[in-house]
Amino acid sequence: IIGGIVSGLMKIGSALFDMILAPFKKGFQLFLQTHSLVGNLAADIGLTAKQSKFLLNNIVDMSLAAMKFGGSMEDVVGIIRQFSTVTGKNRMFDPKEIAAIVELGKGTGLGVEGAGALAASFDNIGISLSKTIKLTDKARGLAARYNINVTEVLENYQGLVESLNG
């Protein structure tokens, strides 16, 4: 009888211990994932120590902004990587800018990295991200009004901008 009681108490204690530690395990996994993503990005695109620290300190806020539109931490890293690839510059975004790019990517057939590439193409010819978002919002509105495929319109914009850039 005592062995059964002790065994039952051990199972209850083990279950309670697992319940208490589960949030810490998830938090630690997120910590490791964050450091892995930022570290790999920093190595891939050549971030300075200051840029890497900035990104590490702000990746969670950027990810939360992206999640409002169905994005993820991987999407944030993908945007930064795509922007660096297209422009040859390492740019640190704020959460509002990340949210705008994710919304554009998820709201069209461009995808998040495609929206990042579009924004980077406009940046290459000197058009700011805020002006790019205004322009694409206007294009999306017009495409919807005239029942035109918005993704094709935006891809045409990108092709035009890339041809202007040479």
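Computed from a prediction, not measured in an experiment: that's the story for all the values here.

Colleague: Looking at this structure, how should I read the packing of aromatic side chains?
Modeller: For any pair of aromatic rings, geometry is given as the distance between the ring centres together with the angle between the planes. Counting across every chain of the model gives two aromatic pairs. A centroid spacing of 6.1 Å and a plane angle of 20 degrees characterise the contact between Phe28 and Phe31, whose relative ring orientation is stacked. Here the residue Phe28 and the residue Phe31 both occupy positions in helix α1 (residues 2-45), the gap between them amounting to three residues, near one helical turn. Overall, the relative accessible area of 45% leaves Phe31 in the partly exposed class. Between Arg91 and the ring centre of Phe83, over which it is positioned, the NZ or CZ distance is 5.9 Å.

Colleague: Would you mind going over the side chain of Thr132 with me for this structure?
Modeller: Summarising the element assignment, Thr132 is placed in helix α6 (residues 129-145). Here Thr132 falls in the buried class, since its relative accessible area comes to 1%. Once you skip the residues sitting within four places of it in the chain, Thr132 turns out to touch Ala119, Phe122 and Ile127.

Colleague: Explain the packing of helix α3 (residues 73-87) against helix α4 (residues 95-106) here, please?
Modeller: When two helices pack together, their arrangement is given by the angle between their axes and by how far apart the axes lie. Running from amino to carboxyl end, α3 crosses α4 at an angle of 100 degrees, the nearest separation of the two axes being 11 Å. By the angle class used here, α3 and α4 are roughly perpendicular. Residues Asp75, Val76 and Ile79 of α3 form the contact with α4, whose own contacting residues are Ile98, Ile101, Val102 and Lys106. Residue classes in the contact of α3 with α4 are distributed as five nonpolar, no polar and two charged.

Basis of the calculations
Residues numbered from 1 in each chain as written. Predicted model: local features only at pLDDT ≥ 70, side-chain atom pairs only at ≥ 80, totals over all residues. Heavy atoms only, no water. Phe/Tyr/Trp six-rings, centres within 6.5 Å; stacked < 30°, edge-to-face > 60°. Helix = DSSP H or I, 4+ residues; strand = E, 2+ residues; numbered from the N terminus. Buried < 20%, exposed > 50% of the residue type's maximum accessible area, 1.4 Å probe, protein only. Lys NZ or Arg CZ within 6 Å of the ring centre and 35° of its normal. Contact = heavy atoms within 4.5 Å. Axes fitted to C-alpha atoms, helices over the stretch in contact; angles between N-to-C directions. Parallel < 35°, antiparallel > 145°, perpendicular 65-115°, else oblique. Nonpolar A, V, L, I, M, F, W, Y, C, P; charged D, E, K, R; others polar.

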